[in-house]
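Overview (structure and organization)
Chain by chain, the residues:
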Amino acid sequence: MDKLNQVVTSIDNFVWGPVMLILLVGTGVFLTFRTHFLAWRNLGFALKKTLSKEARQKKGKGDVSPFSALTTALAATIGTGNIVGVATAMASGGPGALVWMWISACFGMTSKFSECMLAVKYREVNKQGEMSGGPMYTMKKALPQPFGSIMGWLFALFATIASFGIGNMTQANSIASSLKSTAGISPVIVGIVLTVMTAVIIIGGIKSISRVSSFVVPTMAVFYVVLGIIVIIGNIQNVPAGLVMIFQYAFSVKAVTGGVLGSVVASMAKAVQFGVARGCFSNEAGMGSAAITAAAATNDDPVDQAYINMTGTFWDTIVVCTITGLCIASSGVLGTIDPATGELMTGSALTIAAFESVLGPAGGWFVTIGIALFAFSTILGWEYHGEKAFEYLTHDRKKLNLIYRLLFAAVVYCGSTMTLSLAWNFSDIANALMAIPNLICLLLLNKEIAADMQAYQPKVRAKREADKAARRAGHA
């Protein structure tokens, strides 16, 4: 088993190495330039649209509102990566890793926009009258055959595997581990409760999942952000130095350690490596997963829905990850030794220490609750992603979909009670392998993406003019 784990770990390190990260970020960079930075230029428009009443209304074919499609996608992305992943990136790559998380997210917005737009454009209605879409349908319909069908099948296969690993077992394990260390609750009890809760929600399908996600994700995100701001304000005297440190070590060519960094070795190379890797893991831009949920939206305009779903990368990385990063940078705990292990403090322990610097022991509880709720919402979001991928593989057989839901709920218990290093690595590999056909598809369809974005621009300009007119009328 140890040898197998070593082999799988080596494969995992290779597929998530420089080539994969360059492909992920490089695709975002290419598409951003190819579309003349429209995703960046229209970010304000997209955020307003996301928060509008209109986004919560059903205005076309589909299963859930445009806003619910976003929150269900966010349920899968806002998870342990926002709390544990940021801390790991800053401890392993230095505080400058946060800057490279931002940079990868900025270009990732265009990737997220592109995959979601294509998913809505090429979606179809299944035998149950539900919307089915995602990169597999885009590849089947928009790419030359048989190449497109092969690519779509591979994407669906790897997405199904990833749903049981990165979207299920590893998340359940994070919840069980954090509750055991903080509250002393048995992983068996946690596993039983999580399994029952998951089964009850997912048996109801996308509408049930979206109802829970529409409440849990915004509520938990606001709760976490507010507490994070309190921690930052509590350490306000250290914030300027923390920001200087973040930007300084993002572009530091020489490796630096000691001083305010403690035991952390910081350099630009490490900051890029861990910042980009953790950023891509956190927001999943370019992975194709969010596109599956976007296809369920009651929105008949692919570009319109894509702008709404694109903001997921902004909320995930630019907002939530930044809060975690600033809490750590301003608290003075980065680079300290964990008294419990005698090793460099990293992961959830580092984030907990940052929150405890202002909130005391309650800070540890708040972070633990955040990990539990974020990870549980990830389980729900990924169940939908995995089920739709599985539906594609099995040609929409309803009985098999029910079996998938029951099996998915059962695996939650396994994840809660098992040691998961091997499972984590397997699912990490599947996650990377589902991204490859998706990124190739985006690159091949870049002309179509750019043309559709440009065709939508008159609507953006009209909305801006209407907003200006409304403001002028209000001042009159």
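Just so it is clear, the model here is predicted, and its values are computed rather than measured. (Residues numbered from 1 in each chain as written. Predicted model: local features only at pLDDT ≥ 70, side-chain atom pairs only at ≥ 80, totals over all residues. Heavy atoms only, no water.)

1. Remarks on the overall build of the protein
The secondary structure content of the protein amounts to 20 helices and two strands. On C-alpha atoms alone, the protein measures out to a radius of gyration of 22 Å, which is about the 23 Å that the 2.2 N^0.38 rule sets for 476 residues. Dimensions of the protein, computed from the C-alpha atoms along their principal axes, are close to 60 × 55 × 40 Å. For the protein, the proportion of its 476 residues judged to be buried stands at 59%. Here the contacts in the protein between residues at least 6 apart in sequence split such that 82% fall between residues at least 24 apart. Both charge centroids of the protein, one from 35 positive and one from 24 negative side chains, sit 7 Å from each other. (Helix = DSSP H or I, 4+ residues; strand = E, 2+ residues; numbered from the N terminus. Rg over C-alpha atoms; globule rule 2.2 N^0.38 Å. Buried < 20%, exposed > 50% of the residue type's maximum accessible area, 1.4 Å probe, protein only. Contact = heavy atoms within 4.5 Å. Lys, Arg positive; Asp, Glu negative; His and termini not counted. Charge placed at Lys NZ, Arg CZ, Asp CG, Glu CD.)

2. Describing the packing of aromatic side chains
For the coordinates displayed, the defined rule picks out 18 aromatic pairs. Ring geometry for Phe113 against Tyr307: centres 4.8 Å apart, planes inclined by 55°, an arrangement best described as tilted. Here the residue Phe113 occupies a position in helix α7 (residues 97-121), and Tyr307 occupies one in helix α15 (residues 302-331), the gap between them amounting to 194 residues. Here the two residues Phe113 and Tyr307 agree in accessibility, since each one is buried. Here the aromatic residues Phe33, Phe37, Trp40 and Phe107 are joined through ring pairs into a cluster of three or more. The ring of Phe67 carries Arg56 above its face, with NZ or CZ at 4.0 Å from the centroid. (Phe/Tyr/Trp six-rings, centres within 6.5 Å; stacked < 30°, edge-to-face > 60°. Lys NZ or Arg CZ within 6 Å of the ring centre and 35° of its normal.)

3. What to know about the nonpolar core
Ranked by internal contacts, the top residues of the largest apolar core, which has 80 residues, are Phe113, Ile175, Tyr307 and Met310. The element contributing the most residues to this core is helix α9 (residues 147-183), with 13 residues. Counting 63 residues, the second-largest nonpolar core is a separate cluster that includes Val25, Val86, Trp100 and Leu334. (Core = buried A, V, L, I, M, F, W, Y, C linked by side-chain atoms within 4.5 Å.)

4. Comments concerning the pattern of salt bridges
Throughout the structure, instances matching the rule amount to 13 salt bridges. Here Glu124 makes a salt bridge to Lys140, at a shortest N to O gap of 3.7 Å. With Glu124 in strand β1 (residues 124-125) and Lys140 in helix α8 (residues 135-142), the pair connects residues that are 16 residues apart, well separated along the chain. The partly exposed category is assigned to Glu124, whose relative accessible area is 27%. For Lys388, the salt bridge identified is with Glu130, shortest N-O distance 3.7 Å. (Salt bridge = Lys/Arg side-chain N within 4 Å of Asp/Glu carboxyl O.)

5. Observations concerning a positive patch on the surface
Where like charges cluster on the molecular surface, the positive patch consists of Arg41, Arg461, Arg464, Lys468, Arg471 and Arg472. The element best represented in the positive patch is helix α20 (residues 446-475), accounting for five residues. You can see Arg472 is positioned in helix α20. (Patch = residues over 30% accessible without salt bridge, like charges linked within 9 Å, V, L, I, M, F, W, Y side chains within 5 Å. Areas by Shrake-Rupley, 256 points an atom, 1.4 Å probe, with all protein chains shown as cover.)

6. Quick look at the layout of surface pockets
Which parts of space are left empty comes out when a probe the size of a water molecule is rolled across the atoms. Reported here for the second largest pocket is a volume of approximately 290 Å³. Leu74, Pro218, Ala221, Val222 and Trp315 are, among the 15 residues lining the second largest pocket, the residues nearest its centre. Listed by contribution, the elements that provide at least two residues to the lining of the second largest pocket are α4 (43-51), α5 (66-77), α11 (205-234) and α15. In terms of residue count, α11 provides more of the lining of the second largest pocket than any other element does, five residues in total. For the lining of the second largest pocket, the residue count by class is 13 nonpolar, two polar and no charged. (1 Å grid on protein atoms, 1.4 Å probe; cavity = no way out; pocket = protein on both sides within 12 Å on 5 of 7 lines; lining within 4 Å. Points joined across faces, edges and corners; volume = space filled by probe spheres on them. Nonpolar A, V, L, I, M, F, W, Y, C, P; charged D, E, K, R; others polar.)

7. Remarks on the environment of Lys49
Relative to the assigned elements, Lys49 resides in helix α4. Assessed through its relative accessible area of 13%, Lys49 is described here as buried. Measuring from C-alpha to C-alpha, the distance between Lys49 and Phe281 comes to 26 Å, with 232 residues separating the pair along the chain. Aside from chain neighbours lying at most four places away, what touches Lys49 is Glu54, Ala55, Asp304, Ile308 and Tyr456.

8. Comments concerning empty space enclosed by the protein
Counted under the stated rule, the structure contains four cavities of 30 Å³ or more. Considered as a void within the structure, the largest cavity measures approximately 100 Å³ in volume. Lining the largest cavity are 15 residues; nearest its centre among them are Ala76, Gln171, Phe281, Glu284 and Thr378. Looking at the lining of the largest cavity residue by residue, the class counts come to four nonpolar, 10 polar and one charged. In this structure, the second largest cavity encloses a volume near 60 Å³. Every residue along the wall of the second largest cavity is listed here: Leu24, Val25, Gly28, Ser104, Phe107, Gly108, Ser111, Cys280, Asn283 and Ala285.

9. Re α7
Here α7 is 25 residues long and its end C-alpha atoms lie 36 Å apart, about the 36 Å a rise of 1.5 Å per residue gives. Most of α7 is tucked away, with 22 of its 25 residues classed as buried. (Expected span 1.5 Å × (residues − 1).)

10. Some details on the packing of helix α6 (residues 80-93) against helix α17 (residues 361-393)
Their axes nearest at 8 Å, the elements α6 and α17 cross at an angle of 125°. Taken together, the axes of α6 and α17 are oblique relative to one another. Taken together, the residues of α17 that come into contact with α6 (itself represented by Thr80, Ile83 and Val84) are Val367, Gly370, Ile371, Phe374 and Ala375. Each residue belonging to the contact of α6 with α17 can be placed in one class, and the counts come to six nonpolar, two polar and no charged. (Axes fitted to C-alpha atoms, helices over the stretch in contact; angles between N-to-C directions. Parallel < 35°, antiparallel > 145°, perpendicular 65-115°, else oblique.)

11. Describing the packing of α11 against α15
Contact pair α11 / α15: the axes reach a minimum separation of 9 Å and the direction vectors enclose 25°. Our classification of the angle between α11 and α15 gives roughly parallel. The chirality of how α11 crosses α15 is left-handed. The segment α11 lies against α15, with Tyr224, Val225, Gly228, Ile229, Val231 and Ile232 engaging Val319, Val320, Ile323, Thr324, Leu326, Cys327 and Ser330. Looking at side-chain class alone, the contact of α11 with α15 contains 10 nonpolar, three polar and no charged residues. (Left-handed = near helix turned anticlockwise from the far one by under 90°.)

12. Considering unusual backbone geometry
A cis amide bond links Gln145 to the next residue, Pro146, at an omega of 5°. Mapped onto the secondary structure, Pro146 falls in the loop between α8 and α9. One non-glycine residue, Phe37, lies in the positive phi region at around 60°. Along the chain, Phe37 falls in the loop between α2 (18-34) and α3 (38-41).

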